[in-house]
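Spelled out, the chains give:
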Amino acid sequence: MFVRGEFRADADGSAIAAPGLFISVSVDGGAGRGILTRSAGCDGQMTAIAVRETCAAERAVHSGERSAIGLAFPQTSIDGLGLGDEFRALFANDVSGAAIVSLRASARIQAVAAEMFSPPVTGSAAQLLLSAHAAEIVVHALFGERGRIAADPATDLQWTRLQSVKQRMDADLAYPWSIDELARNAGLSRRSFNQKFRMAYGQSAIDYLRAQRLDAARAFLIHQRLSVTEAAYRVGYAHPANFATAFRRRFGHSPSRFQ
């Protein structure tokens with residue numbers, strides 16, 4: 001189960017927690033509280049609550065206005081992933097029915113959580129992306145607790161810079177971005193930037209930018225009733241003919257059909 005939001009719940013009453021693993025990661029530096037924990041959160045925190053046996057748990061009320069993502073993995077799913085031993089190891093020094101693990105969420109995990117909160121794709125592609133990100137987070141929660149995954153400061157900084165570059169593109173689609181400028185903003189060579197962006201987001205920066213521009217243009221055509229030329233200029237196409245060709249390749253129809 002995947003939930004995005006603020007995890008608000010009534011303070012009264014209790015919730016039934018089935019065996020499994022519950023993980024929360026804050027988004028945008030907010031306090032990340034687990035849906036079953038009452039411990040105070042802090043910036044960049046990932047909280048995991050492992051439940052060994054079905055039990056009643058006091059509900060938590062999320063404080064503040066920060067958003068977070070929450071993941072729930074039934075024990076059967078954890079066993080299916082081949083991580084049953086790591087899950088049970090969380091209770092090695094705890095005789096209670098639940099174990100709470102609090103870890104610093106690396107910049108990569110925070111960026112992954114942010115992308116889960118607002119996926120860059122839709123439909124089946126979004127579901128595939130969410131599943132991949134969820135698997136990455138559960139591995140970090142289980143293995144990071146034992147110190148077997150340590151944050152690499154260089155990799156962390158690199159991921160943060162890539163995320164920053166992507167956000168700058170999203171914020172100004174009309175700007176004539178070049179690979180050289182994007183790579184410079186990321187502090188990487190052109191070749192290294194291309195490789196690392198594709199590894200991080202599954203496509204090249206130029207392909208990502210083109211898709212974002214065309215998606216935005218379609219929204220302008222449908223919701224704001226802009227002309228094809230206006231929509232093209234709004235997302236950075238200087239020549240409407242080139243825009244129409246790219247639009248048809250992406251959506252299978254000419255842009256005028258969406259007016």
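Residues numbered from 1 in each chain as written. Predicted model: local features only at pLDDT ≥ 70, side-chain atom pairs only at ≥ 80, totals over all residues. Heavy atoms only, no water.

Draft legend 1. Representation of the overall build of the chain in the model. Each helix and strand counted, the chain has 10 helices and 7 strands in total. When each of the 259 residues of the chain is scored for burial, the buried share is 43%. Partitioning the contacts of the chain with sequence separation of at least 6, the portion at a separation of at least 24 is 70%. (Helix = DSSP H or I, 4+ residues; strand = E, 2+ residues; numbered from the N terminus. Buried < 20%, exposed > 50% of the residue type's maximum accessible area, 1.4 Å probe, protein only. Contact = heavy atoms within 4.5 Å.)

Draft legend 2. Fine view of the pattern of salt bridges. Under the criterion given, the structure shown has 7 salt bridges. Asp 207 is paired through a salt bridge with Arg 210; the nearest N and O atoms lie 2.8 Å apart. Highlighted residues: Asp 207 and Arg 210, both in helix α8 (residues 205-223), separated by 3 residues, approximately one helical turn. By relative accessible area, Asp 207 is classed as partly exposed at 33%. (Salt bridge = Lys/Arg side-chain N within 4 Å of Asp/Glu carboxyl O.)

Draft legend 3. Molecular detail of helix α4 (residues 123-144). Helix length check: α4, at 22 residues, gives a terminal C-alpha distance of 31 Å against a target of 32 Å (1.5 Å per residue), a fit within 8%. When we look at burial in α4, the residues that qualify are Ala 126, Leu 130, His 133, Ala 134, Glu 136, Ile 137, Val 138, Ala 141, Leu 142, Phe 143 and Gly 144. (Expected span 1.5 Å × (residues − 1).)

Draft legend 4. Looking closely at the environment of Arg 161. For Arg 161, the location among the structural elements is in helix α5 (residues 153-171). The class for Arg 161 is partly exposed, based on a relative accessible area of 36%. For Arg 161, the residues in contact, after removing those within four places along its chain, are Ala 186 and Gly 187.

Draft legend 5. Quick peek at the packing of helix α3 (residues 107-117) against α4. Between α3 and α4, the least distance of the axes is 10 Å, while the angle of their chain directions is 150°. In this structure, α3 meets α4 at a crossing whose hand is left-handed. Counted together, Arg 108, Ile 109, Val 112, Glu 115 and Met 116 of α3 and Leu 129, Leu 130, His 133, Ala 134, Glu 136, Ile 137 and His 140 of α4 form the full contact between these two elements. Within the contact of α3 with α4, the residues separate by chemical class into 7 nonpolar, 2 polar and 3 charged. (Axes fitted to C-alpha atoms, helices over the stretch in contact; angles between N-to-C directions. Left-handed = near helix turned anticlockwise from the far one by under 90°. Nonpolar A, V, L, I, M, F, W, Y, C, P; charged D, E, K, R; others polar.)

Draft legend 6. Structural detail: the packing of α8 against helix α10 (residues 240-251). Where α8 contacts α10, the axes come no closer than 10 Å and their chain directions differ by 95°. The pairing of α8 with α10 is recorded here as roughly perpendicular in orientation. Taking contact as the criterion, the partners of Ala 211, Leu 214, Asp 215, Ala 217, Arg 218 and Leu 221 in α8 are, on α10, Phe 243, Ala 246, Phe 247, Arg 250 and Phe 251. Class assignment of the residues belonging to the contact of α8 with α10 gives a composition of 8 nonpolar, no polar and 3 charged. (Parallel < 35°, antiparallel > 145°, perpendicular 65-115°, else oblique.)

Draft legend 7. Broad picture of the environment of Arg 88. Checked against the element boundaries, Arg 88 lands in helix α2 (residues 84-89). Residues Arg 88 and Leu 142 lie 54 residues apart in sequence; the distance between their C-alpha atoms is 9.9 Å. If near-sequence neighbours (up to four positions away) are discounted, Arg 88 is found in contact with Gln 75 and Asp 79. There is a polar contact of 3.5 Å between the side chain of Arg 88 and the side chain of Asp 79. (Polar contact = N/O pair within 3.5 Å; in protein donor to acceptor, adjacent residues only side chain to side chain.)

Draft legend 8. The side chain of Ser 204, seen in detail. Along the chain, Ser 204 turns up in the loop between α7 (190-201) and α8. Of the polar contacts made by the side chain of Ser 204, one reaches the backbone nitrogen of Asp 207; its length is 3.1 Å.

Draft legend 9. A look at the pairing of strand β3 (residues 20-26). The buried fraction of β3 amounts to 7 of the 7 residues, a majority that puts the element mostly inside the structure. Going residue by residue along β3, you find Gly 20, Phe 22, Ser 24 and Ser 26 tucked away on one face and Leu 21, Ile 23 and Val 25 tucked away on the opposite face as well. When β3 meets strand β4 (residues 45-51), the two strands line up antiparallel, connected through 6 bridges. Counted as the bridge partner of Val 25 is Met 46 from β4. Strand direction decides the pairing type here: β3 and strand β6 (residues 68-74), joined by 7 bridges, are antiparallel. Its bridge partner being in β6, Val 25 is matched across the sheet by Ile 69. (Pairing = 2+ DSSP bridges.)

Draft legend 10. Examining the packing of aromatic side chains more closely. Counted under the stated rule, the structure contains 8 aromatic pairs. Pairing Phe 247 with Phe 251 gives two aromatic rings, centres 4.6 Å apart and planes at 55°, and the pair type is tilted. With Phe 247 and Phe 251 both in helix α10, this residue pair falls 4 residues apart, about one helical turn. Judged by relative accessible area, Phe 247 falls into the buried class, the value being 0%. Three or more aromatic residues joined by ring pairs form one cluster here, namely Tyr 237, Phe 243, Phe 247, Phe 251 and Phe 258. (Phe/Tyr/Trp six-rings, centres within 6.5 Å; stacked < 30°, edge-to-face > 60°.)

Shape descriptors only; they carry no functional weight alone.
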